[in-house]
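Observations on the model geometry
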Amino acid sequence: FADSVTVPTACTAYSYKAPYRIPDSVLQKISWNKNDSLTILVFDDGDKVNRHERKIHLTRIFTEFKTEPLHVVHVYNTEAVADATSDRLAILTLNEAEFLRIRNCIFLLDDKNDAVIIDRQKRIRGQYNLTKRDDADRMIMQEMNILFKRY
């Protein structure tokens, strides 16, 4: 979104300018820390099978990038499922309207994707579907390695 932003249909009340950066008010809500190289937001739709797939890939991410300055925020639109938080994992539970607003209008995710990477400059660096192994592999093996300059 460096050159332009396509406004999602449900988000016409918002104004976007390029280069697009996540607003500070939202970053505060999601526990964003400028000292982390990357922040990953994972939006959980409540489906138990999808939740299981996401957890598998999040475990892979934490294993692969255990020494990198990385923070993950797991965003739920229902009660959080007894996830253990840590200094690298935060849980955020929102009501349905706020969940959809932040997911669709702030992080610009479409219906196919459930995860987004944000960098230190408050920019969206990638959108992914963590219920699909190919997409999780692309996120981990390609984009994150490049963003952490591990090539």
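Residues numbered from 1 in each chain as written. Predicted model: local features only at pLDDT ≥ 70, side-chain atom pairs only at ≥ 80, totals over all residues. Heavy atoms only, no water.

What follows is about helix α4 (residues 133–147). For α4, spanning 15 residues, the distance from its first C-alpha to its last is 20 Å, which sits close to the expected 21 Å at 1.5 Å a residue. Considering bend angle alone, the principal kink of α4 is centred on Met 139 and spans about 30 degrees. Of the residues making up α4, those classed as buried are Asp 135, Ala 136, Met 139, Ile 140, Met 144 and Asn 145. Looking at the buried residues of α4, the elements they touch are β1 (38–44), α2 (48–64), β2 (70–76), β4 (115–119) and β5 (124–128). One or two residues past the end of α4 sits Lys 149, with phi positive at roughly 55 degrees. (Helix = DSSP H or I, 4+ residues; strand = E, 2+ residues; numbered from the N terminus. Expected span 1.5 Å × (residues − 1). Bend = angle between axes of the 7 residues up to and from the residue. Buried < 20%, exposed > 50% of the residue type's maximum accessible area, 1.4 Å probe, protein only. Contact = heavy atoms within 4.5 Å.)

Turning next to the pattern of salt bridges. Evaluated as defined, the whole model comprises 13 salt bridges. Across the pair Asp 137 and Arg 133 runs a salt bridge whose closest N-O atoms are separated by 3.8 Å. Taken together, the residues span about one helical turn, with Asp 137 and Arg 133 both in helix α4 at a distance of 4 residues. Because the salt bridges share partners, they merge into one network encompassing Asp 44, Asp 45, Arg 51, Arg 54 and Asp 114. (Salt bridge = Lys/Arg side-chain N within 4 Å of Asp/Glu carboxyl O.)

All right, on to the side chain of Arg 103 then. Here Arg 103 shows up in helix α3 (residues 96–106). One buried charged side chain, Arg 103, makes no salt bridge at all; its nearest oppositely charged neighbour is Asp 111, positioned 4.7 Å away. Contact partners of Arg 103, with chain neighbours within four places excluded, come to Phe 43, Leu 108, Leu 109, Asp 110, Asp 111, Asn 113 and Asp 114. (Lys, Arg positive; Asp, Glu negative; His and termini not counted.)

Further remarks concern the environment of Arg 21. Of note, Arg 21 is situated in the segment before α1 (24–29). Distance from Arg 21 to Ile 118, taken between C-alpha atoms, is 9.2 Å for residues 97 residues apart in sequence. Residue contacts for Arg 21: discarding those within four places in its chain leaves Gln 121, Lys 122 and Arg 123. Among the polar contacts listed, one links the side chain of Arg 21 to the backbone oxygen of Gln 121, at a separation of 3.1 Å. (Polar contact = N/O pair within 3.5 Å; in protein donor to acceptor, adjacent residues only side chain to side chain.)

As a further point, take the environment of Ala 13. Within the secondary structure, Ala 13 sits in the segment before α1. Of the residues examined, Ala 13 reaches a relative accessible area of 79% and is grouped as exposed. Remark: the alpha-carbon pair of Ala 13 and Phe 62, spanning 49 residues in sequence, is separated by 37 Å.

Turning next to the sheet that holds β4. Taken in spatial order, the 5 strands make up an open sheet running β3-β2-β1-β4-β5, and their pairing is mixed. Pairing within the sheet leaves two strands with one partner each, and these edge strands are β3 (89–93) and β5. Each adjacent strand pair in this sheet contributes to an overall mean axis angle of 20 degrees, direction not counted. With 5 bridges connecting them, β2 and β3 associate as parallel partners. Its bridge partner lying in β3, Val 75 is registered against Leu 92. Against the sheet, α3 engages β1, β2 and β5, with an angle of about 130 degrees to β1. (Pairing = 2+ DSSP bridges. Axes fitted to C-alpha atoms, helices over the stretch in contact; angles between N-to-C directions.)

Two elements in contact, α2 and α4, have axes whose closest approach is 11 Å; the angle formed by their N-to-C orientations is 20 degrees. Between α2 and α4, the interaxial angle falls into the category roughly parallel. Of the two possible hands of crossing, α2 and α4 adopt the one that is right-handed. Across from His 57, Arg 60, Ile 61 and Glu 64 in α2, the residues of α4 making contact are Arg 133, Ala 136, Asp 137, Met 139, Ile 140, Met 144 and Asn 145. (Parallel < 35°, antiparallel > 145°, perpendicular 65-115°, else oblique. Left-handed = near helix turned anticlockwise from the far one by under 90°.)

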